[in-house]
Amino acid sequence: MLVVSGLTDYAIEMKGIVKIYPGGTVALKGVDFAVKEGEIHGLLGENGAGKTTLVEILYGTRRPTAGKIFIRSKEVDVKSPRDAMDMGIGMVHQHFTLIPVFTALQNIVLGDEPIGSMGILDIEQARSKIEELMEETGLKVDLDTPVENLSTGEKQRVEILKMLYRNADILILDEPTAVLTPLEVKELFEFLKKMREANKTIVFITHKLREVKAITDVVTVLRRGKVVGKVKTDEVSIEELARMMVGREVLFRLEKKPREPGEPQLILEDLWVLDDRGDFAVKGISLQVRSGEIFGIAGVEGNGQTELVEAIAGLRRVSKGHIILAGKDVTNADPHTLYELGLGHIPEDRHRRGIILEFTLAENSILGLQRKNPFANNMGILEEEKILDWARELIKRFSVDAPSPTIPASSLSGGNQQKLIVGRELMKNPKVVVAAQPTRGLDVAATEYIRETLLRMRDEGRAVLLVSADLDEVLMLSDRIGVMYEGELMGVARPEDLTIEEIGLMMGGVKLDEIRKGGAS
Amino acid sequence: MKGLITLLRKYIKPISESIISVLIGVVVGSIIILLAGYSPLVFYEALFSGSFKHTRAFLDTLSYMIPLTMTALSFAVAARASVFNIGAEGQMYMGALIANIVGTYIRLPRLIHPFVAVIAAFLAGGFWGWLAGILKTKRKVNEVVSTIMLNWIAFYIVNYVSTYHIFDPKAPYKTAYVLESSRFPPLVKGTSFTADFIIAIFVAIIVFFLVWKTSLGYEIRAVGLNPTAAEYGGVNPGKIASIAMFIAGGCGGLAGAFLVLGRFGFITTTLTNVLNWGFDGIAVSLVGRNHPLGIIISSFFFAILNSGALEVQVATSKGGQIGVPYELVLAVMGIIVIAVSVPGLLDLIRARLRGRKEVEKVAMA
Amino acid sequence: MPWLKILSFLLYPTFYAGMLRLMVPIVLGALGEVIAERSGVVNIGLEGIILLGALFSTYVGHKTVNLWFAIGAGLFVGLIVGLLHALIAVYLAGDQIIDGVGLNMFALGIGEVVLYLTWGSFATSPQLPREARVPSMGGFSPFVILTIALAILSWFFLEKTKWGLRLRAAGENPVAAEAAGIDVYKIRVIATVAGSMLTALAGIFLALDWLGGYTKNVSAGRGFIALALVVFSRWNPIVALGGGLIFGFCYAFSLSIPSGIIADQVLYSVPYVATLLISMGFLAKARPPGAVGRPYKRV
């Protein structure tokens, strides 16, 4: 199983890895990453730090722009996941690659099926080996249940067993605890310790500080594509880790006019929302957004922000709790009603939700308003001239770079598409605006413009809920911020009243009042 | 002027792909004629003379457009909501049946009789289409499966009713003639170019207006292009899909009505005189890019093809022996539909001209 | 009791021979499509394939007066059509439904054209000589055994072999299948071609066994019944066999029962209504392969 060779006892050495995407984004700026055999090595960082990109390169799903990779001191070129698997590298992704109707057993052996005589599948051959594995590792799963009937934790066990069945001795796990219950996390950690005893090498990607302390031996911290530190876990405190993960020397702030916020326009009371898998993504969130303020929700993506926004926008069911908009209880109302009551929504995924690419700019400008006067008369016929006028005004007011309103939205750049969406929502004169990841994927100029527009909304007296994985953006724009972690708010405060360490700790899973009571470890 | 150019540029690609598909079909048609021992020129000549040799031929060709346009619109309206309506055939059968019943058994004054029958047929076909829509929305039944099943169920319903209940006692292989008061008269005596041609064109215009100039049409197109964004825009995708299928089914029903009240005046109990217009309509709509204007042009072309094939049969016949049968047209239409199913046909051909490697790149992209 | 007299035809073996004969083409058609759809490819051009299979096997049967060449010709047509459909559906990511519709139209047209041009009739080809026909075994056709065997083999292949597992994986979740190292394109092409050849066998049966030649519209809607059977059987070859027997029974029943008692049309509609009900989730849960009909493009 193991081949001890070479001059060092490093299982993985990645040297000078650079990754530049075709659009020009630099994801990794010369990263060195080395993992010793038999070690549990944590890879810590927030969104966009480059952790997933780095392991994708290691696993062969992406090619590096520059740099070398050594596996057990031998230089290798990992061209595909198949290559990685042959080298003994296994990876459990955030999104499972399983066949839902197949049993766990079938999923585990798929691609490397044991055959009996005449090519007939002899799965039972594999069964004893897998049962042995389950004994050794403590990862128990009912092999004969269709995978779709398993819990997410059990599905993850199937993915892990897949790796072990192919004799992987380098195991990469990308944010494995995102989908687990606390008990399952404990079991996972037991398993990882057993693997370490068996001298397997483990790379554990996470943004959760307590986990880093609980399970890793060494941790490498990435920030914006660079390594900011590599430390032995027991020689570092959670606070230091937080600082490294999030550390900013200069907190860039925009000029904000001081404003007295008004009445709360959007109130969330103990909101509970389920995700697509049937687990709770939002667990009892309560907050208030007042007119004339920007309330920013920070936090690493995947902690329930998407589901929260969808629930507020009427696109996802609320299981428990209430949403109150401009004084009215709108829990589980449909999007149309919410528009009527003054909600504007800038969606996270503009291509999927925000615009219809094949429609013209003009048609997109009235999305949501297609039945209202003056755009449609009482008989339901569209008033084209009025729609064009509206679109022209939008283009002018929001500096959308487009020659005319009759071009298809697909010919606009990302930034201009976003301006179209923002403009459209604002022209509906909303009392409350929910903006989710509003500057994601935009160029510098568009980003600046959108941020200024958000501030303008605040100055005009609207209540703005800003949800962004870009911590800078949240800190820069918000009057108050809340940090979301695993579906809960870790704490709410004004940005100027928080230290960077506190923010990092909250993003990593420590509640604010715990921090302030003194000590989080 | 600039707007016109951008408009043209937007349409140039789909138009040329349609033209290419049609050309491929015509080429294959001439190959078949060649293999049958005749010169392919026969085909081209027949295509022209079949429709343009004299007025009567031209008017006959135009009359073929009537049912084709209706079933094509049926497919198109559903397609705009991203629903695959293979059921125009069955919707047409139901429309034909109801039109026949209203036309034969209900006495109404000449001026309103046809219109009442037509409206009834629209509702019948609409209901049949709506069924498939509701099955998809409420029970997640794939519309290809449901519309194909409904086609056959409709066939047997019409077969049953016409064989046992509304047959003509003097000629039991067909239904009783509809009353004269319910029929659309020929616009030119002695041809099959009946007044419903005008109504058909009118229907195409109404469909255009509905889909592109009303709020409902906006919502239909939004659901068809991006249901998630439509939902965000306050639209209920399931409801819209059902409405679209109702309208689509209604158009199919109209096809049946026009066949009964215009061209024939009856249905054969085995439905032989109304068969296949539904599937032909799919071909017409695909080539017409699911747009009423494209459909009118495309149905004109398919009507020419139809007349042309008849002419081929005549032209290749010598002394009582038929040359190439009329059914050649079906084969040609089939090839056109297959060609249309290939996305980016234009790109592929361009790439082919540039060499093999490009083909793989384009195909895998 | 009049009922006993009316239903007496159920006592005669000829009824069952007829029922089995009716079952063969629809089950063969359905088997082919089950295999293709389990791998993720839809082909609604079954009518067309049956037609073409019958046409070409008849043609070669007449020309060579040799049963095996005739069967080979029919299978060859199935191969070619399968390749064409696979090319469009798998590599070009074309619209699988539309190209099936086109195939049906084409086959209908070309069938008539060839029928007339070769044999001078619009209705039927001349009867095939005995040497080009499948011999019967005491009133039953060897194709019946063949169909049952193929159904069992198909089931066995899909459920019990390594390639069956991979084929099903490709049809359920091609992304996961590729991640496990399976070549989804290749498997889908092979499945489509195999399916098409099985369907062509239905046409071969109609021409070389039952009817002894090619007739106008020989498939007579059987391709669509086969499609219904695929859904009805929940993509399971053995259930397809059973379903085919049920459908065959309905037809044979309607042919044998004296007219006037129950309209033919009611019995003929049974397969379609039953399929609709199954699709709606009544009677049994029908769950299509996860990725069926959706073209897969390698990232």
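Computed from a predicted model, the values in this text were never measured in an experiment.

**Regarding the overall build of chain A**
On a plain count of helices and strands, chain A comes out with 18 helices and 20 strands. The C-alpha atoms of chain A give 25 Å as radius of gyration, which agrees with the globular expectation for 521 residues (24 Å, within 12%). Counting only C-alpha atoms and orienting by the principal axes, one finds that chain A spans roughly 75 × 60 × 45 Å. Pairs at least 24 residues apart make up 67% of the contacts formed inside chain A by residues separated by at least 6 positions.

**Let's talk about the overall build of chain B**
Counting its regular elements, chain B contains 15 helices and two strands. Relative to its length of 365 residues, chain B is compact, with a C-alpha radius of gyration of 21 Å against a globular reference of 21 Å. When its C-alpha atoms are laid out on the principal axes, chain B stretches across 65 × 65 × 40 Å. Counting the 365 residues in chain B, one finds 58% classified as buried. A fraction of 75% describes how many contacts in chain B between residues 6 or more apart in sequence connect residues 24 or more apart.

**Topic: the sheet that holds strand S6 (residues 89-92) of chain A**
Residue and element names in this part refer to chain A. Pairing in this open sheet of six strands is mixed, and the strands run S6-S7-S8-S3-S9-S10 from one edge to the other. Of all the strands in the sheet, just S6 and strand S10 (226-232) have a single pairing partner and so form its edges. Strand-to-strand twist of the sheet, defined as the mean angle between neighbouring strand axes without regard to direction, takes the value 15 degrees. With respect to the sheet, helix H1 (residues 51-59) is in contact with strand S3 (40-44), S6, strand S7 (170-174), strand S8 (201-206) and strand S9 (218-223), its orientation differing from that of S7 by roughly 145 degrees. Across the sheet, helix H8 (residues 238-246) is in contact with S3, S9 and S10; its angle to S9 comes to roughly 30 degrees.

**Things to note about the interface of chain C and chain B**
In this assembly, 38 residues from chain C lie in contact with 39 residues from chain B. Elements with a contribution of two residues or more to the side of chain C that touches chain B: helix H4 (67-91), helix H5 (96-119), helix H10 (222-232) and helix H12 (264-280) of chain C. Of the residues forming the side of chain C that touches chain B, the biggest block, 15 residues, is contributed by H5 of chain C. Taken together, the residues of the side of chain C that touches chain B sort by class into 26 nonpolar, eight polar and four charged.

**Let's talk about the sheet that holds strand S18 (residues 463-467) of chain A**
All names here are of chain A. Pairing is mixed across the open sheet formed by six strands, whose spatial order is S16-S17-S18-S13-S19-S20. Looking along the sheet, the strands with just one partner apiece sit at the ends: strand S16 (343-346) and strand S20 (488-493). Each strand axis lies, on average, 15 degrees off the axis of its neighbour in the sheet, ignoring direction. When strand S13 (residues 293-298) meets S18, the two strands line up parallel, connected through five bridges. Paired with Gly 296 across the two strands is Leu 466, which belongs to S18. In the packing of helix H15 (residues 444-459) onto the sheet, contacts are made with S13, strand S17 (432-436) and S18, and the angle to S18 comes to roughly 150 degrees. Contacts between helix H17 (residues 500-507) and the sheet are confined to S13, strand S19 (480-485) and S20, with S19 contributing the most and set at about 35 degrees to the helix.

**Some points on the pairing of strand S11 (residues 264-274) of chain A**
Residues and elements named next belong to chain A. Here S11 runs beside strand S12 (residues 280-290); their pairing, made up of eight bridges, is antiparallel. Note on S12: the bridge partner recorded for Leu 266 is Val 289. Connecting S11 to the next strand, S12, in antiparallel fashion are five residues, including Gly 278 with a positive phi near 100 degrees.

**Focus on helix H5 (residues 152-165) of chain A**
Residues and elements named next belong to chain A. Given a rise of 1.5 Å per residue, 14 residues ought to cover 20 Å, and the 20 Å separating the end C-alpha atoms of H5 matches this to within 8%. Most of H5 is tucked away: 10 of the 14 residues are buried. Every buried residue of H5 is listed here: Lys 155, Gln 156, Arg 157, Val 158, Glu 159, Ile 160, Leu 161, Lys 162, Met 163 and Leu 164. Next to the buried residues of H5 lie S6, helix H3 (104-109), helix H4 (123-137) and S7. Taken from the residues just after H5, Asn 167 is the one with a positive phi, measuring 60 degrees.

**Overview of the interface of chain B and chain A**
One widely used convention gives an interface's size as the accessible area the parts lose upon coming together. Taken together, the 17 residues of chain B in the interface contact 24 residues of chain A. Where the side of chain B that touches chain A is concerned, the elements lending two or more residues are helix H1 (2-35), helix H8 (215-225) and helix H9 (227-232) of chain B. For the side of chain B that touches chain A, the element with the most residues is H8 of chain B, which contributes six residues. Residues that form the side of chain B that touches chain A fall into these classes: six nonpolar, eight polar and three charged.

**Describing the nonpolar core**
Leu 58 and Leu 466 of chain A together with Ala 244 of chain B are the most contacted members of the largest nonpolar core, which has 391 residues in total. Here this core gets 17 residues from one element, more than from any other, and that element is helix H10 (residues 237-264) of chain B. Two domains share this core, each providing at least three of its residues, namely domain 1 (39-60 + 79-246) and domain 2 (264-518) of chain A.

**Notes on the domain arrangement of chain A**
Residues and elements named next belong to chain A. Under the domain assignment, chain A is made up of domain 1 (39-60 + 79-246) and domain 2 (264-518). The centre of domain 1, based on its C-alpha atoms, is set 35 Å off from the matching centre of domain 2. Each partner contributes residues to the interface: domain 1 has 14 residues there, and domain 2 has 16 residues. Going through the elements one at a time, helix H7 (209-215) and H8 are the ones with two or more residues in the side of domain 1 that touches domain 2. By residue number, the principal contributor to the side of domain 1 that touches domain 2 is H8, which donates six residues. Within the side of domain 1 that touches domain 2, the residues separate by chemical class into six nonpolar, three polar and five charged.

Cut-offs used in this document
- Residues numbered from 1 in each chain as written.
- Chains lettered and ligands numbered in written order.
- Predicted model: local features only at pLDDT ≥ 70, side-chain atom pairs only at ≥ 80, totals over all residues.
- Helix = DSSP H or I, 4+ residues; strand = E, 2+ residues; numbered from the N terminus.
- Rg over C-alpha atoms; globule rule 2.2 N^0.38 Å.
- Contact = placed C-beta atoms within 7 Å.
- Buried ≥ 20, exposed ≤ 12 C-beta atoms within 10 Å, placed from the backbone.
- Pairing = 2+ DSSP bridges.
- Axes fitted to C-alpha atoms, helices over the stretch in contact; angles between N-to-C directions.
- Nonpolar A, V, L, I, M, F, W, Y, C, P; charged D, E, K, R; others polar.
- Expected span 1.5 Å × (residues − 1).
- Core = buried A, V, L, I, M, F, W, Y, C linked by C-beta atoms within 7 Å.
- Domains from an automatic or database assignment.

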